[in-house]
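Single-letter residue listing:
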Amino acid sequence: MSLVRGLSLGYLPLAMLERQPEHWWDEVLGVAVFGERRPASWPRSVPVVNVVTPELAGRGEICEVWRAKGRLVDGTHGPIRYRRNDSMIFGCVEIGEDGRSGAGDGDATSGLHKVTDAAYRHLFALIDEMGYPGLFRAWNYFPEINAEADGSERYWQFNAGRQDAFTGSGRSTKGNVPAACALGSVAGPFVLYFLALREAPLAIENPRQICAYHYPQRYGPRSPTFARANLALSHEPPVLFVSGTASIVGHQTLHPGDVVAQTAESLRNIEAVLSEARRVAPQAGLQLEDLAYKIYVRNPADFDAVRATFRQHVASDVPALFLQADVCRADLLVEIEASGGHALEME
């Protein structure tokens, strides 16, 4: 594996983490395990979160490992576990919805709305108190994202809870907002993990798309709160996170029912984001082949077609993790996120 240079990302099998010596964990900011099992023995100081979105290549649990140089300090803040160095902080939280619905107690707010609001308020309290106000990237997962419950779609409830937390914590819901994704897990609690910085990153939008926070109400009464990408110019080289990206142009879903066309359209959108990032910050000279990818596929039977289409558009040796997950709109079959500018560690 390559040496850590600043921020480092690795997509590593769980079995590899279980073989690492104790000192290897000294530079680990945090880990997301895609599967239900955690490392059999890992230092309790390292934040680890489980996301039940199965890996589609049949390798079992795969771990997304974020590492960074510098002395790391760990701790908890309410339900959030975190680890930080001088420039960035990783945090994660898992909150079950059981018993949190307002049904029957005169409160019509859904359980998902409440746990989302609570998780983000804890997040903002932590990063403000610790001095990392620049929320850079947030990953959100919860089951049945497209289901109707408590009078509305669960994704709409999530958006409402997130927006309430932003406004209640004195944060803008437009403009300089984080890169993010929200996916439907197979099971489990509401899961949020994130990276935040000392200095505010630069939000990047896609000229092919309407800003998500300007979506019309046909997509829900409360708009999503995220930017299409975020660029950390305070790092050298700059680090870029591309939010979950799908087959949407303007605000409309394109190619319903055609997973190959949706995959290609999603990659065209990522190309447009990269072009915009290079325009506003020429030093961020990233191309498709410079990124690491997570590809979420709604229907496991589409995996081979999505993988083949992805490889037709992107170099065959780029790091790519294919996961089964539901996407925020029922007519979207695939979603792709990416990041670049950091070091990469592969097995």
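Up top you'll find the structure we're talking about.
The structure presented is a predicted model; accordingly, all values stated were derived computationally and were not measured.

1. Focus: the overall build of the chain
- Counting its regular elements, the chain contains five helices and 21 strands.
- Oriented by its inertia axes, the alpha-carbon framework of the chain measures out at about 50 × 45 × 40 Å.
- A buried classification covers 59% of the 347 residues belonging to the chain.
- The contacts in the chain between residues at least 6 apart in sequence include a share of 75% that link residues at least 24 apart.
- If the 33 positive side-chain charges of the chain are averaged to one point and the 41 negative ones to another, these points end up 3 Å apart.

2. Some thoughts on the pairing of strand β8 (residues 134-143)
- Of all the ten residues making up β8, ten are buried; the element is thus mostly covered by neighbouring parts of the structure.
- Alignment of β8 against strand β12 (residues 190-197), held across seven bridges, turns out to be antiparallel. Across the sheet, the residue bridging to Y141 is V191, located in β12.
- Where β8 and strand β11 (residues 179-185) come together, seven bridges link them in parallel fashion. Paired with W139 across the strands is C181, a residue of β11.

3. Describing the nonpolar core
- Membership of the largest hydrophobic core comes to 42 residues, with the highest contact counts inside it found for Y120, L123, I127 and L192.
- Considering every element that reaches this core, the biggest residue donor is helix α2 (residues 111-130), with nine residues.
- In this structure L123 touches I80, L135, L192 and F194, once residues within four positions along its chain are discounted.
- Counting 33 residues, the second-largest nonpolar core is a separate cluster that includes W139, L183, Y193 and L197.

4. Some details on the pattern of salt bridges
- Evaluated as defined, the whole model comprises 18 salt bridges.
- With a closest N to O distance of 2.8 Å, R67 and E345 form a salt bridge. With R67 in strand β4 (residues 62-68) and E345 in strand β21 (residues 343-345), this pair connects stretches of sequence that are 278 residues apart.
- Note that R154 and E97 form a salt bridge whose closest N and O atoms lie 2.8 Å from each other. Here E97 lies in the loop between β7 (88-95) and α2 and R154 lies in helix α3 (residues 154-168), a separation of 57 residues in the sequence.
- Within the structure, one salt-bridge network assembled from shared partners comprises E64, R137, K294 and E337.

5. Quick look at the state of the cysteines
- Tallying each qualifying case throughout the model produces zero disulfides.
- Take C211: it sits in no disulfide, and the sulfur closest to it among the cysteines is that of C328, at 16 Å.
- Counting only cysteine sulfurs, C181 is the nearest neighbor of C328, a cysteine outside any disulfide, at a range of 10.0 Å.

6. Considering the side chain of R162
- Summarising the element assignment, R162 is placed in helix α3.
- Notably, R162 is buried but unbridged: the nearest opposite-charge side chain belongs to E335, and the N-O separation is 9.7 Å.
- Once residues lying within four places of it in the same chain are set aside, the contact partners of R162 are T116, Y120, N140, A180, P224, T225 and F226.

7. Points about the pairing of β11
- With seven of seven residues buried, β11 lies mostly within the body of the structure.
- Covered by surrounding structure in β11 are A179, C181, L183 and S185 together with A180, A182 and G184, the residues of both alternating faces.

Conventions and cut-offs
- The residue numbering used here restarts from 1 in each chain and proceeds along that chain's sequence as written.
- Local features in this predicted model are restricted to residues whose pLDDT is 70 or higher, and side-chain atom pairs enter the listing and the counts only when it is 80 or higher, whereas totals over whole chains, interfaces and linings include all residues.
- Think of the side-chain values as coming from all heavy atoms in the structure, minus any hydrogens and water.
- Labels follow the DSSP assignment, with helices taken as runs of H or I lasting at least four residues and strands as runs of E lasting at least two, numbered in each case from the N terminus.
- Type-normalised accessible area, obtained with a 1.4 Å probe on protein chains alone, sets the label of each residue: buried when under 20%, exposed when over 50%, and partly exposed for intermediate values.
- Every residue pair with non-hydrogen atoms within 4.5 Å of one another is taken to be in contact.
- For the purpose of counting charges, residues Lys and Arg are taken to be positive, whereas Asp and Glu are taken to be negative. His and the chain ends are not included.
- A charged residue contributes its charge at one atom only: NZ of Lys, CZ of Arg, CG of Asp or CD of Glu.
- For two strands to be treated as a pair, DSSP must find at least two bridges joining them.
- In this description, a nonpolar core means a group of buried Ala, Val, Leu, Ile, Met, Phe, Trp, Tyr and Cys residues linked to one another through side-chain atoms lying within 4.5 Å.
- Basic side-chain nitrogens of Lys or Arg form a salt bridge, by our definition, when they fall within 4 Å of a carboxyl oxygen of Asp or Glu.
- Here, a disulfide means two cysteine sulfur atoms that sit within 2.5 Å of each other.

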